[in-house]
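Okay, here's what each chain looks like letter by letter:
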Amino acid sequence: MTRTAIRAVLLDLEGTLYARGTALEGAAQAIETLRASGVGLRFLTNTDSKPASVIRSELAAYGLTVHEEELFTPVVAARQLLATAGARVYPLVSPALLGELPGLASEPPFTHVLIGDCRDVLDYPALDNAFRAVRDGAELLALQRGRYFKREDGDHLDTGAVVAAVEYSAGTTARVLGKPAADFFELAARSLGVPTDACVVVGDDASTDIAGGNAVGLRTVQVRTGKYADQRAEGLTGRAGHEIDSIADLPALLAELMSR
């Protein structure tokens, strides 16, 4: 059976296009080459600490141009989900996101508990309040559930650890809004007007970019940058349809795939 022609590329950001505060070699040129080829582009990130406008400004400082409609974050998904009448949300998120989210409430009852990057507000009362709201019937939502993230000074605990604490104590499972959730990838493809099997997802994280892409039928490409070395040591890699050394090699791979 002939596969659907490639019409769009879904690109991860951190670890794929930039790392440790700087763009990876060849990233800007790769984006320019992809644009010139005519494929649709979406930039997917699990960053859950900043508004989309701030993320785009940071990318621009790295020399990476991302248009407003091209950027997908878990906050975008949360905003769509929570924009319903009667939503009362207990937020355990970065203060920078409070103005981005609808339905926030300061007192129970709560319909949802939303957990994201909460390093600036996390303490025992805040975590306990989230647990109690879920036990009282609120749906637990996670902007993402990464285990750790990388910065210039090394690795740091990520949102998934906080989500796991509430899941364990409340005896429930969170609904994940970012990668690797199927809805996240499908929303990105839908915004481009293409089916998921016409998309290629490219990223460094086998547990989010690759696992999520595989689950919804996307072609998957893992770059050997970012988390790749760590995950290879853990035996998590090797599940992507293709592997390349870096994003600089993507245009050539894509041209080869499109010629088949």
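Below or above, wherever it landed, is the structure these notes cover. Because the structure is predicted, anything quoted here is derived from the model rather than measured. (Residues numbered from 1 in each chain as written. Predicted model: local features only at pLDDT ≥ 70, side-chain atom pairs only at ≥ 80, totals over all residues. Heavy atoms only, no water.)

1. Structural notes on the environment of Tyr228
And then number 1: Along the chain, the position of Tyr228 falls in helix H8 (residues 228–233).
And then number 2: Judged by its relative accessible area of 8%, Tyr228 falls in the buried class.
And then number 3: The contacts of Tyr228, once residues within four sequence positions are left out, are Asp204, Gln222, Val223, Thr237 and Glu243. (Helix = DSSP H or I, 4+ residues; strand = E, 2+ residues; numbered from the N terminus. Buried < 20%, exposed > 50% of the residue type's maximum accessible area, 1.4 Å probe, protein only. Contact = heavy atoms within 4.5 Å.)

2. A few points about the sheet that holds strand S11 (residues 175–176)
And then number 1: Ordered by their spatial adjacency, 4 strands build an open sheet running S6-S7-S8-S11, and the pairing between neighbours is parallel. Each of the sheet's edge strands pairs with one partner strand only, and the pair in question is strand S6 (89–92) and S11.
And then number 2: Bridge analysis of strand S7 (residues 112–115) against strand S8 (residues 139–142) gives 4 bridges, and the strand direction is parallel. Note on S8: the bridge partner recorded for Leu114 is Leu141.
And then number 3: Contacting S6, S7 and S8, helix H4 (residues 124–135) crosses the sheet at an angle of about 145° to S6. (Pairing = 2+ DSSP bridges. Axes fitted to C-alpha atoms, helices over the stretch in contact; angles between N-to-C directions.)

3. Some words on the side chain of Ser246
And then number 1: Mapped onto the elements, Ser246 comes out in the loop between strand S14 (242–244) and helix H9 (250–259).
And then number 2: Residues within four places of Ser246 in sequence aside, it is in contact with Val223 and Thr225.

4. Describing empty space enclosed by the protein
And then number 1: Evaluation of the coordinates by the stated rule reveals 1 cavity of 30 Å³ or more.
And then number 2: Put simply, the largest cavity is a space of about 70 Å³.
And then number 3: In terms of lining, the largest cavity is formed by Tyr18, Thr47, Ser49, Lys50, Ile55, Glu58, Leu59, Tyr62 and Arg151.
And then number 4: The biggest single contributor to the lining of the largest cavity is helix H2 (residues 52–61), with 3 residues.
And then number 5: The residue makeup of the lining of the largest cavity, split by class, is 4 nonpolar, 2 polar and 3 charged. (1 Å grid on protein atoms, 1.4 Å probe; cavity = no way out; pocket = protein on both sides within 12 Å on 5 of 7 lines; lining within 4 Å. Points joined across faces, edges and corners; volume = space filled by probe spheres on them. Nonpolar A, V, L, I, M, F, W, Y, C, P; charged D, E, K, R; others polar.)

5. Thoughts on the sheet that holds strand S13 (residues 219–223)
And then number 1: Strands sit in the order S5-S4-S1-S12-S13-S14 across an open sheet of 6 strands; the sheet is parallel. Only two strands of the sheet have a single partner each, and these edge strands are strand S5 (71–72) and S14.
And then number 2: Relative to S14, S13 runs parallel, the two sharing 3 bridges. Residue pairing in the sheet places Val223 in a bridge with Ile244 of S14.
And then number 3: Relative to the sheet, helix H7 (residues 206–215) contacts strand S1 (8–12), strand S12 (199–203) and S13, its axis offset from that of S13 by approximately 165°.

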